[in-house]
Amino acid sequence: MTDQAGYQLLLPRRWTTPAVFNSPHSGHLFPESFLATTRLSALDLRRSEDFAIDELFGFAPALGAPLLAAEISRAVVDLNREPWELDPRMFDGPLPGYVVTDSPRVLAGLGTLPRLAGDGGEICRARLSFAEAEARIERWYRPYHRRLDELVSRTVRRFGAGLLVDCHSMPSGDDRVADIVLGDRHGSSCDRGLAQALADSLRAAGFSVARNQPYAGGFITQSHGQPSLCRHALQIEVNRGLYMNERRLEKRPDFDLIAQRLTRSFRDFLADLPALLQPQRRAAE
């Protein structure tokens, strides 16, 4: 695994829509060197991943948009974090002053190098050196974000405006949890009209949809969402209970049906996306 890029990029035959799809948490590959340092099984480690989200959104290239998907597990390095959100409890010495050690994500054990897996188990058997953090960030984090930055910039240059769809899954919880949560950071990362149009399209396909509760958008949504520059970013969380067995990490029998409903929703939404972006382009001119 160490000779791989850590991500997969699926390009459309013709790039016809001003959108990029991104799945930073669906990776499930582990370097041998990492497995030697952990106290958890591979299944325990994988419980924090967005299982099969890259497959659910695999329709993107057929609809004219690229799909960037992580292959490296988020238990190794979390691509939806700032590059240096690190928990001092994980390391055998002091950390440099530029490291963020007190963000809510770090305090929850979910930094760029996570301390905890999805079930709350401690990942590392022993403390790490800061050199290990540097190596993982340089090896997998930075190449992923360089490619994502390039895709978003190309979209805006090509179409005059663009939308990044950041694809995730969420635990099923109780019956009050919606099928899908759209996060636009309360309107700061994406024009509200775009988010509303996608919500309407998803509801038309029979999904229940919530906005910004309980997920308003993470680091990628925040860093790429600049509506004043015609760069919009929208996080989408799909309820895992819809399409998978959360304990066994297996697809439900109706996985393909859920994928078809998502495809239909996004086909309609992407057909309207150039017109939806037109007012933003005019405002920026």
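Look above for the structure.
Described in the following lines is the structure provided in the data block.

Reading the values: rules and limits
Residues numbered from 1 in each chain as written. Predicted model: local features only at pLDDT ≥ 70, side-chain atom pairs only at ≥ 80, totals over all residues. Heavy atoms only, no water. Helix = DSSP H or I, 4+ residues; strand = E, 2+ residues; numbered from the N terminus. Expected span 1.5 Å × (residues − 1). Buried < 20%, exposed > 50% of the residue type's maximum accessible area, 1.4 Å probe, protein only. Arc of directions from axis to C-beta. Polar contact = N/O pair within 3.5 Å; in protein donor to acceptor, adjacent residues only side chain to side chain. Phe/Tyr/Trp six-rings, centres within 6.5 Å; stacked < 30°, edge-to-face > 60°. Lys NZ or Arg CZ within 6 Å of the ring centre and 35° of its normal. Contact = heavy atoms within 4.5 Å. Pairing = 2+ DSSP bridges.

## Re helix 6 (residues 192–204)
Helix length check: helix 6, at 13 residues, gives a terminal C-alpha distance of 18 Å against a target of 18 Å (1.5 Å per residue), a fit within 8%. Listed as buried for helix 6 are Leu194, Ala195, Leu198, Ala199, Ser201 and Leu202. Taken end-on, helix 6 shows its buried residues confined to a sector of 165°, consistent with a single buried face. In this structure Asp191 caps helix 6, since a side-chain oxygen of it lies 2.9 Å from the backbone nitrogen of Gly193. Just downstream of helix 6 lies Gly206, where phi reads positive at about 95°.

## Regarding the packing of aromatic side chains
Scanning the model with the defined rule gives 12 aromatic pairs in all. Centroid distance Phe21 to Phe59: 5.8 Å. Interplanar angle 80°. Geometry classified as edge-to-face. In this pair, Phe21 is assigned in strand 2 (residues 19–23) and Phe59 in the loop between helix 3 (53–56) and strand 3 (67–70), connecting sequence segments 38 residues apart. Looking at Phe21, the relative accessible area reads 0%, which means it is buried. One aromatic cluster is present, formed by Phe21, Phe57, Phe59, Phe266 and Phe269 through successive ring pairs. It is Lys251 that lies over the ring of Phe255; its NZ or CZ is 4.7 Å from the centre. Taking the ring centre of Phe207 as reference, the NZ or CZ of Arg261 above it sits at 4.1 Å.

## Concerning the environment of Pro114
Within the element layout of this structure, Pro114 appears in the loop between helix 4 (104–107) and helix 5 (130–159). In sequence terms Pro114 and Asp256 are 142 residues apart; their C-alpha atoms lie 32 Å from each other. In contact with Pro114, not counting residues within four places along its chain, are Arg74, Ala75, Val76, Asp78, Met90, Gly109 and Ile123.

## Focus: the pairing of strand 3
Alternating residues of strand 3 divide into Leu67 and Ala69 and Leu68 and Ala70, and every residue in both groups is buried. Here strand 1 (residues 7–10) pairs with strand 3 via 4 bridges, running antiparallel. Bridge pairing in strand 3 links Leu10 to Leu67.

## Some words on the environment of Arg248
Note that Arg248 resides in the loop between strand 8 (244–245) and strand 9 (250–251). Placed 130 residues apart in sequence, Arg248 and Gly118 show a C-alpha to C-alpha distance of 13 Å. Dropping the residues within four chain positions of it, Arg248 is found in contact with Leu43 and Arg47. Looking at Arg248, its side chain comes within polar contact range of the side chain of Glu250, at 3.0 Å.

## Points about unusual backbone geometry
Here the residue pair Gln213 and Pro214 is connected by a cis peptide bond, since its omega of 5° sits within 30 degrees of zero. Position of Pro214 relative to the elements: it lies in the loop between strand 6 (209–211) and helix 7 (219–224). Even without a glycine there, the phi angle at Arg185 is positive, about 50°. Judged by relative accessible area, Arg185 falls into the partly exposed class, the value being 27%. Residue Asn212 is not a glycine yet carries a positive backbone phi of 70°. Within the fold, Asn212 resides in the loop between strand 6 and helix 7. On the basis of relative accessible area, Asn212 is assigned to the buried category, the value being 6%.

Nothing here speaks to function; it is geometry throughout.
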